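Each chain, letter by letter, is given below.
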Amino acid sequence: QVQLVESGGGLVQAGGSLNLSCTVSGDTFNYVMAWFRQAPGKVREFVAAINTIGTTMYFGDAVKGRFAASRDNAKNTQYLHMSSLKPEDTAVYYCAARAYPDTIWSTDYDYWGQGTQVTVSS
């Protein structure tokens, strides 16, 4: 059974940086990986996705230019590097995985982590 475990969330001041990790277990790491986030009272929002070999990344408009995505297939882990954080980035961040092809739609993802809270104070 495929399991995704996020880590790295926490409290940070506006303008700061934070890195999230997501480790996959239970299967080979041959998945398209993504990050989504959900703030209280809001719909789940696409943040970033990365293809199976880490050569193509996609970003939501709200985070373009501030967030970066990477993966280490040897460690079955993907990363989200967040910088210039804003209070509106506050949300629970979810890691997701699916088989090829790449997609930014949450409904296309088969596996999800439990989420990690990111809080950005002003």
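Summary of the structure given here. Residue positions are given per chain, counted from 1 along the sequence in the order it is written. Only residues with pLDDT of at least 70 are given local features in this predicted model, and only at 80 or more are side-chain atom pairs given and counted; all residues enter the totals for whole chains, interfaces and linings. Water and hydrogen atoms were dropped before computing side-chain values, which therefore reflect all heavy atoms in the structure.

**Here's the deal with the pairing of strand S3 (residues 18–25)**
No. 1: Across five bridges, the pairing between strand S1 (residues 3–7) and S3 is antiparallel. Residue pairing across strands places Ser7 opposite Ser21, the latter belonging to S3. A pair of strands is considered paired only if DSSP assigns at least 2 bridges between the two. For helices the rule is a DSSP run of H or I covering at least 4 residues; for strands it is a run of E covering at least 2, with both sets numbered from the N terminus onward.

**Digging into unusual backbone geometry**
With glycine set apart, most residues show a phi of negative sign, and most peptide bonds adopt trans.
No. 1: In the segment running from Tyr100 into Pro101, the intervening peptide bond is cis, with an omega of 15°.
No. 2: Despite not being glycine, Asn76 has its phi angle at roughly 55°, a positive value.
No. 3: Relative to the helices and strands, Asn76 is located in the loop between strand S7 (67–72) and strand S8 (77–82).
No. 4: Using a 1.4 Å probe on the protein chains alone, a residue whose accessible area is under 20% of its type maximum counts as buried, one over 50% counts as exposed, and one in between counts as partly exposed. Taking the relative accessible area as the measure of exposure, Asn76 reaches 22% and is therefore partly exposed.

**Some details on the side chain of Arg66**
No. 1: Relative to the helices and strands, Arg66 resides in the loop between strand S6 (57–59) and S7.
No. 2: Here Arg66 falls in the buried class, since its relative accessible area comes to 12%.
No. 3: Under this definition, polar contacts are N or O atom pairs within 3.5 Å; protein pairs additionally need one hydrogen-donor-capable and one acceptor-capable atom, and for neighbouring residues in sequence, both atoms have to be side-chain atoms. Among the polar contacts listed, one links the side chain of Arg66 to the backbone oxygen of Ala62, at a separation of 2.9 Å.
No. 4: Among the polar contacts made by the side chain of Arg66, one reaches the side chain of Asp89 at a distance of 2.7 Å.
No. 5: Only heavy atoms enter the contact rule, under which two residues are in contact if any of them lie within 4.5 Å. For Arg66, the residues in contact, after removing those within four places along its chain, are His81, Met82, Ser83, Ser84, Leu85, Lys86 and Asp89.

**Some words on the pattern of salt bridges**
No. 1: Definition used for salt bridges: Asp or Glu carboxyl oxygen within 4 Å of a side-chain nitrogen of Lys or Arg. Evaluated as defined, the whole model comprises four salt bridges.
No. 2: One salt bridge in this structure joins Asp61 and Lys64, with 3.2 Å as the shortest N-O distance.
No. 3: We classify Lys64 as exposed; its relative accessible area is 52%.
No. 4: Residues Asp89 and Arg66 are paired through a salt bridge, measuring 2.7 Å at the closest nitrogen-oxygen approach. Linking Asp89 in the loop between S8 and strand S9 (91–98) with Arg66 in the loop between S6 and S7, this pair joins segments that are 23 residues apart in sequence.
No. 5: Residue Asp89 is classed as buried on the basis of its relative accessible area of 0%.
No. 6: A single salt-bridge network, built from bridges that share partners, covers Arg37, Glu45, Arg66 and Asp89.

**Notes on the environment of Leu20**
No. 1: With respect to the helices and strands, Leu20 occurs in strand S3.
No. 2: Looking at Leu20, the relative accessible area reads 0%, which means it is buried.
No. 3: As for Leu20 and Gln1, which are separated by 19 residues in sequence, their C-alpha atoms are 23 Å apart.
No. 4: Beyond its immediate stretch of four places on either side in the chain, Leu20 contacts Ser7, Gly8, Gly9, Trp35, Gln78, Tyr79, Leu80, Met82, Tyr93, Thr116 and Val118.

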